Amino acid sequence: MNASDDITNITILKIGGSIITDKDANDGAANYDEIERIAGEISKHKDRLIIVHGAGSFGHPQAKKYALTEKFDAKGALITHESVKTLNRIVVESLKNAGVDAVGVHPMGSTVSENDRISQMFLDNIHLMLDNGFVPVLHGDVVMDIKLGTSVLSGDQIVPYLAVQLGGARIGIGSAKDGVLDDKGDTIPTITSSNFKDIKKYIGGSESTDVTGGMLGKVGELLKLCETSSITSYIFNAGKSGNVSRFLGGEDIGTAITK
Ligand SMILES: Nc1ncnc2c1ncn2[C@@H]1O[C@H](COP(=O)(O)OP(=O)(O)O)[C@@H](O)[C@H]1O
Ligand SMILES: [Mg+2]
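Because the structure is a prediction, the values reported are computed rather than measured.

A.B. asks: So what's going on with the side chain of K23? Residues and values would help.
C.D. replies: Summarising the element assignment, K23 is placed in the loop between α1 (17–20) and α2 (32–42). Side-chain polar atoms of K23 contact the side chain of D210, separated by 2.6 Å. The residues contacting K23, other than those within four sequence positions of it, are G17, S18, G56, S57, H60, S206, S208, T209 and D210.

Take a look at the structure:
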């Protein structure tokens, strides 16, 4: 078996903008210490890995300012895209400093959406990067959209799309809470499409600026994934030191979203 046959040992880790940026800032403010800490935890992982990061204050306030989820605005789209690219550069630099062969992949350059949903993403480069030991680092971005001109593509949509296209993956969504929390603040261990009806009332958008639906957006994307595949995802707290290592080491932490 050659390396490219061994495709299902891929891990896709999303790091939320709520962790790597100050999400309450009006314009790009990076949490350099957190980025460095997480890069260190990622550097211990030796298997195939894709990182997707959120935009935090490098994308959401700009997308909101130019109302990108409501109307086409060329200048606003480019300002937002350039801003999140800046964050991607910071994340990739930090990963490289930690010894990871990280390479930034900007969805704007590889993806077309239709009415906010990915219709096509070029993946040949990602396959080759994984085969050759690189760690592709994608991010939430503004992308061209067949119907809308541009649309805002959440990292939370990229992760399940990649998992399906790559034929399976272990998925972790690192965010700012211990998982999906109930009304008492306790972590809900498992969400399935059958218990979601009862749990939905506890799940909302983000406490900060987030144009892609906050926690409810994440759970929606991951439940959609369960319906069409047998892939389980974990939403966990990447703001707690050691949790990224635990997840990458195979521990099932936080809330499992499963069939
Ligand atoms: N039931 C819930 N459990 C956890 N977080 C929730 C819940 N309902 C709403 N949220 C909010 O959703 C946020 C996570 O979404 P978001 O801000 O988009 O994170 P990220 O930046 O990681 O994408 C949490 O930090 C919290 O403010
Ligand atoms: Mg978000």
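A.B. asks: Can you explain the sheet that holds strand β1 (residues 11–15)? Please cite residues and give values.
C.D. replies: Within the open sheet, the eight strands sit side by side as β3-β6-β2-β1-β9-β11-β12-β10. Their pairing is mixed. Sheet topology places β3 (102–104) and β10 (190–191) at the edges, where each strand pairs with a single neighbour. In the sheet, β1 pairs with strand β9 (residues 170–175) via five bridges, with the strands oriented parallel. By the bridge assignment, T11 is partnered in β9 with R170.

A.B. asks: Explain the sheet that holds strand β8 (residues 149–153) to me, using residue names and the numbers behind them.
C.D. replies: Ordered by their spatial adjacency, four strands build an open sheet running β5-β4-β7-β8, and the pairing between neighbours is mixed. Each edge of the sheet is formed by a strand with only one pairing partner; in this case those strands are β5 (117–121) and β8. Across the sheet, the mean angle separating the axes of adjacent strands is 45 degrees when strand polarity is ignored.

A.B. asks: Can you tell me about the packing of helix α6 (residues 155–165) against helix α8 (residues 214–228), naming the residues and giving the values?
C.D. replies: A packed helix pair is summarised by two numbers, namely the angle formed by the two axes and the spacing between the axes. The contact between α6 and α8 brings their axes to 9 Å, and the two run at 15 degrees. As judged from the angle between their axes, α6 and α8 are roughly parallel. At the point where α6 passes α8, the crossing takes the right-handed sense. Contacts between α6 and α8 pair D156, Q157, P160 and V164 from the former with G214, K218, E221 and L225 from the latter.

A.B. asks: Kindly report on the packing of aromatic side chains, identifying the contributing residues and their values.
C.D. replies: Tallied over the entire structure, the rule returns two aromatic pairs. On the numbers, 5.3 Å between centres and 20 degrees between planes, the contact of F236 with F247 is stacked. Taken together, the positions of F236 in strand β11 (residues 233–237) and F247 in helix α9 (residues 243–248) put the pair eleven residues apart, joining distant regions of the chain. Joined through ring pairs, the aromatic side chains of Y234, F236 and F247 make up one cluster.

A.B. asks: Kindly report on the pattern of salt bridges, identifying the contributing residues and their values.
C.D. replies: Following the criterion strictly, the structure yields 15 salt bridges and no others. Notably, a salt bridge pairs E41 with R37, separated by 2.9 Å at the nearest N-O pair. One end of the pair is E41 and the other is R37, both in helix α2 and four residues apart, which spans about a single turn. As far as burial versus exposure is concerned, E41 and R37 are alike and both buried. One salt bridge connects R170 with D252, and the closest N-O pair in it is separated by 3.1 Å. Of this pair, R170 sits in strand β9 while D252 sits in the loop between α9 and β12 (255–257); the two residues are 82 residues apart in sequence, bridging distant segments of the chain. Salt bridges sharing partners connect three or more residues here, namely K14, D156 and K218.

A.B. asks: Before we move on, can you summarise the environment of K46 with the specific residues and values?
C.D. replies: By the element assignment, K46 lies in the loop between α2 and β2 (49–53). Considered as a pair, K46 and V100 are 54 residues apart in the sequence and their alpha carbons are 9.5 Å apart. Within the structure, the side chain of K46 is placed 2.8 Å from the backbone oxygen of S43, a separation counted as a polar contact.

A.B. asks: Talk me through the packing of α2 against helix α4 (residues 74–97); I want residue IDs and the actual numbers.
C.D. replies: Two elements in contact, α2 and α4, have axes whose closest approach is 8 Å; the angle formed by their N-to-C orientations is 45 degrees. Here α2 is positioned oblique relative to α4, judged by the angle of their axes. Seen from above, α2 lies across α4 with right-handed handedness. For the pair formed by α2 and α4, the contact residues are Y32, I35, E36, A39 and I42 on the first element and L87, I90, V91, S94 and L95 on the second. Classifying every residue of the contact of α2 with α4 gives eight nonpolar, one polar and one charged.

Reading guide: rules and limits
Residues numbered from 1 in each chain as written. Chains lettered and ligands numbered in written order. Predicted model: local features only at pLDDT ≥ 70, side-chain atom pairs only at ≥ 80, totals over all residues. Heavy atoms only, no water. Helix = DSSP H or I, 4+ residues; strand = E, 2+ residues; numbered from the N terminus. Polar contact = N/O pair within 3.5 Å; in protein donor to acceptor, adjacent residues only side chain to side chain. Contact = heavy atoms within 4.5 Å. Pairing = 2+ DSSP bridges. Axes fitted to C-alpha atoms, helices over the stretch in contact; angles between N-to-C directions. Parallel < 35°, antiparallel > 145°, perpendicular 65-115°, else oblique. Left-handed = near helix turned anticlockwise from the far one by under 90°. Phe/Tyr/Trp six-rings, centres within 6.5 Å; stacked < 30°, edge-to-face > 60°. Salt bridge = Lys/Arg side-chain N within 4 Å of Asp/Glu carboxyl O. Buried < 20%, exposed > 50% of the residue type's maximum accessible area, 1.4 Å probe, protein only. Nonpolar A, V, L, I, M, F, W, Y, C, P; charged D, E, K, R; others polar.

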